[in-house]
Amino acid sequence: MSRSSLFILLFLFGFVAQTQAQLAKPELARAEALVRSGKAAEAYAMLAPYEFDHSGNPDFDYWFGVAALESAHPDKASLALERALSVNPDFVAARLDLARSYFALGDLERARVEFGAVLAQNPPTPARLTIERYMGEIDRRTKARRTTLAGYLEGVLGRDTNVNNATSLSSVNVPLFGLSFQLAPTS
């Protein structure tokens, strides 16, 4: 193989590798636009193939989590948003959406904790009002789940003619062993 052929081959290999790397990047700006335009399911489908390779990137995890939450995948959303917060604990938007995903999963106590953490950061008024609505719903659901004690009373009237629980027969057969027992007349 000549030197120029080797150079061309290496150039083509580098070009293909660079193209593959560019293709392997998720389009986060497009996913964000889809979520904001109400097409979260489309954004989720677009980002889902990249979850394994890009988990740990807080921007990817956030938009993947929001797309998952808005397209009825709160389990995936909570995992992705937890990853985003593990890298950047001050990511308030991720914390708010994590609280919403816990709420959607029915984990009301964890949702309450996360909503409380967001409230402590003094969010804008629209976010505060949304959080207060969620907290009110959590309180309502928690009251409905409280443990109650209930009981019932039952009574029966009747007459028992066999007070001593004995048989009226004078012998009892046990077929398994092929035996027959004679009972005492007083039993």
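Presented here is a report on the structure given in the accompanying data block.

What counts, and where the lines are drawn
- Residues numbered from 1 in each chain as written.
- Predicted model: local features only at pLDDT ≥ 70, side-chain atom pairs only at ≥ 80, totals over all residues.
- Heavy atoms only, no water.
- Helix = DSSP H or I, 4+ residues; strand = E, 2+ residues; numbered from the N terminus.
- Contact = heavy atoms within 4.5 Å.
- Areas by Shrake-Rupley, 256 points an atom, 1.4 Å probe, with all protein chains shown as cover.
- Core = buried A, V, L, I, M, F, W, Y, C linked by side-chain atoms within 4.5 Å.
- Buried < 20%, exposed > 50% of the residue type's maximum accessible area, 1.4 Å probe, protein only.
- Arc of directions from axis to C-beta.
- Polar contact = N/O pair within 3.5 Å; in protein donor to acceptor, adjacent residues only side chain to side chain.
- Axes fitted to C-alpha atoms, helices over the stretch in contact; angles between N-to-C directions.
- Parallel < 35°, antiparallel > 145°, perpendicular 65-115°, else oblique.
- Left-handed = near helix turned anticlockwise from the far one by under 90°.
- Nonpolar A, V, L, I, M, F, W, Y, C, P; charged D, E, K, R; others polar.

### Digging into the overall build of the chain
Across its full length, the chain carries nine helices and two strands. When its helices and strands are written in sequence order, the chain yields α-α-α-α-α-α-α-α-α-β-β. The long-range fraction of contacts in the chain, counting pairs at least 24 apart against all pairs at least 6 apart in sequence, stands at 40%. Of the roughly 13300 Å² that the chain leaves accessible, carbon and sulfur atoms contribute 58%.

### A closer look at the nonpolar core
With 34 residues, the main nonpolar core has Leu 47, Tyr 62, Ala 94, Phe 115 and Ile 138 as its most contacted residues. Per-element accounting of this core gives the leading share, eight residues, to helix H5 (residues 58–70). Among residues more than four places away in sequence, those in contact with Ile 138 are Phe 103, Leu 108, Ala 111, Arg 112 and Phe 115.

### Side note on the side chain of Ser 78
Tracing the chain through its elements places Ser 78 in helix H6 (residues 74–87). Accessibility expressed as a relative area gives 7% for Ser 78, which makes it buried. If we skip the residues at most four places from it in the chain, Ser 78 touches Leu 98, Ser 101, Tyr 102 and Leu 105.

### Some words on unusual backbone geometry
Phi is positive for Ala 72, close to 65°, though the residue is something other than glycine. One can find Ala 72 in the loop between H5 and H6. Among the residues examined, Ala 72 registers a relative accessible area of 63% and is labelled exposed.

### A short note on helix H3 (residues 40–47)
Since one α-helical turn is 3.6 residues long, residues separated by three or four positions face the same way. Taken as a whole, H3 has its buried residues at Ala 40, Ala 43, Tyr 44, Met 46 and Leu 47. Across the axial projection of H3, the buried residues extend over an arc of 165°, all falling on one side. Opposite the packed face of H3, turned more than 90 degrees from it, sit the exposed residues Ala 41 and Ala 45. In this structure, the buried residues of H3 make contact with helix H2 (28–36), helix H4 (51–54), H5 and H6.

### Quick look at the environment of Ser 180
Structurally, the position occupied by Ser 180 is in strand S2 (residues 179–182). In this structure, Ser 180 is in contact with Ser 171, Val 172 and Asn 173, ignoring residues within four places of it in sequence. Of note is the side chain of Ser 180, whose polar atom sits 2.9 Å from the side chain of Asn 173.

### Side note on the packing of helix H7 (residues 92–105) against helix H9 (residues 125–144)
Where H7 meets H9, the closest approach of the two axes is 12 Å, and the angle between their N-to-C directions is 25°. Classified by the angle between their axes, H7 and H9 sit roughly parallel to one another. Of the two possible hands of crossing, H7 and H9 adopt the one that is left-handed. When H7 is examined against H9, the residues Leu 96, Arg 100 and Phe 103 are found in contact with a partner set consisting of Ile 131, Tyr 134, Glu 137, Ile 138 and Arg 141. Each residue belonging to the contact of H7 with H9 can be placed in one class, and the counts come to five nonpolar, no polar and three charged.

Shape is all these values report; function is a separate question.
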